[in-house]
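# Structure at a glance
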Amino acid sequence: MTERTYKGYLLDLDGTIYRGGEVIPEAVSFVEALKKKGIPYQYVTNNSSLTPEQLAEKLQKMGLNAVPEDFFTSSMAVAETIEEIERKEKTMDKVKVLAIGEKGLKMALSEAGYELVEKAPASYVVVGIDRQFTYEKMKQATLAIYGGARFLSTNCDRAIPTEEGLVPGNGSLTASIAYATRTEPLYVGKPEQAIIILALEKLGLRTDEVLLIGDNLETDIAAGGRSGVDTLLVYSGFSREADLEGAEVQPTYTVSSLADWSI
């Protein structure tokens, strides 16, 4: 199936390329076809815990030929968002970031040249998924925000799927700090348009030249809708056909499998 030709693709990961630790076979063939035809693509993920190097290694173990440059994470999007804010405001102060998160987030911020701190004060508080989240971390973030720090979050995922079932996602951690500070953060990951616009800049393509493929109506498809990018919902992960009824944002196309989409 195809309705038109696209010059590039934005691809979700979990539920689209793999499910948990298992690759989706049709996704392997799809990505190989993109490579063969020389069509550029980016994996766009809300996963803030892993670095592009770690994500590439994960896909390589699944049989996909992947390199770090193939990935654009919510951590990278946060780092670039801070850079845009600083460029507009032309501040000369050293940017201190109180980062709650794991290796992927801290590496992206550090590589962008920001000083990472664990205690207030700070210029920014950035929250990503942190499986060692503590009251002390929440306290320091709260103090920093009351002290004037800007509040950013990688994504608003309420819960994330694991082998044990659904567990608290980054949105739940962020919500605790938002409640304590009476301050809503600036979210940058899907379903926000920020991460999509930045990924398009990395591809060097316009919104009307790219197709975003994902399995989740609430994040992937909503992000495409907010960004003006055509979307393909694939029923290989989170969302099902029945979910389309009443959904605020509808996908441009739907398929049961990536094998049903012709490049």
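Residues numbered from 1 in each chain as written. Predicted model: local features only at pLDDT ≥ 70, side-chain atom pairs only at ≥ 80, totals over all residues. Heavy atoms only, no water.

A few words now on the packing of helix 3 (residues 74–89) against helix 4 (residues 103–111). Interhelical geometry of helix 3 versus helix 4 gives an angle of 30° and a closest axis separation of 8 Å. Viewed along their axes, helix 3 and helix 4 adopt a mutual orientation that is roughly parallel. Crossing hand, helix 3 versus helix 4: right-handed. For the pair formed by helix 3 and helix 4, the contact residues are Ser 75, Met 76, Val 78, Ala 79 and Ile 82 on the first element and Gly 104, Leu 105, Ala 108 and Leu 109 on the second. For the contact of helix 3 with helix 4, the residue count by class is seven nonpolar, two polar and no charged. (Axes fitted to C-alpha atoms, helices over the stretch in contact; angles between N-to-C directions. Helix = DSSP H or I, 4+ residues; strand = E, 2+ residues; numbered from the N terminus. Parallel < 35°, antiparallel > 145°, perpendicular 65-115°, else oblique. Left-handed = near helix turned anticlockwise from the far one by under 90°. Contact = heavy atoms within 4.5 Å. Nonpolar A, V, L, I, M, F, W, Y, C, P; charged D, E, K, R; others polar.)

On to the pattern of salt bridges, then. Applying the stated rule across the entire model yields eleven salt bridges. Of the charged contacts, one joins Glu 57 and Lys 61 as a salt bridge, the two residues approaching to 3.5 Å between their closest N and O atoms. With Glu 57 and Lys 61 both in helix 2 (residues 52–61) and four residues apart, the pair spans about one turn of that helix. Ionic pairing is found between Glu 83 and Arg 87, a salt bridge with its closest N-O pair at 3.5 Å. Taken together, the residues span about one helical turn, with Glu 83 and Arg 87 both in helix 3 at a distance of four residues. (Salt bridge = Lys/Arg side-chain N within 4 Å of Asp/Glu carboxyl O.)

Moving on to the UniProt feature "binding site: Mg(2+)" (unreviewed entry) in the chain. Mapped onto this numbering, the UniProt entry annotates "binding site: Mg(2+)" (unreviewed entry) at Asp 12, Asp 14 and Asp 215. Considering the C-alpha atoms alone, the annotated residues occupy 204 residues of sequence yet fold into one spot, their largest mutual distance being 8.2 Å. By the element assignment, Asp 14 lies in the loop between strand 1 (8–11) and strand 2 (18–19). As for its position among the elements, Asp 215 is in the loop between strand 13 (210–214) and helix 8 (217–227). Judged by relative accessible area, which is 4%, Asp 215 ranks as buried. (UniProt positions renumbered as here; feature names shortened; annotations may be inferred. Buried < 20%, exposed > 50% of the residue type's maximum accessible area, 1.4 Å probe, protein only.)

This part is about the pairing of strand 4 (residues 41–45). With five of five residues buried, strand 4 is to be regarded as a mostly interior element. Here strand 4 shows two buried faces, one formed by Tyr 41, Tyr 43 and Thr 45 and the other by Gln 42 and Val 44. In terms of strand pairing, strand 4 meets strand 5 (residues 71–73) through three bridges, oriented parallel. Looking at strand 5, one finds that Thr 45 is bridged to Thr 73. Tracing the backbone out of strand 4, into helix 2 and back to the parallel element strand 5 gives a crossover that is right-handed. (Pairing = 2+ DSSP bridges. Right-handed = clockwise from strand over helix to strand, strands pointing away.)

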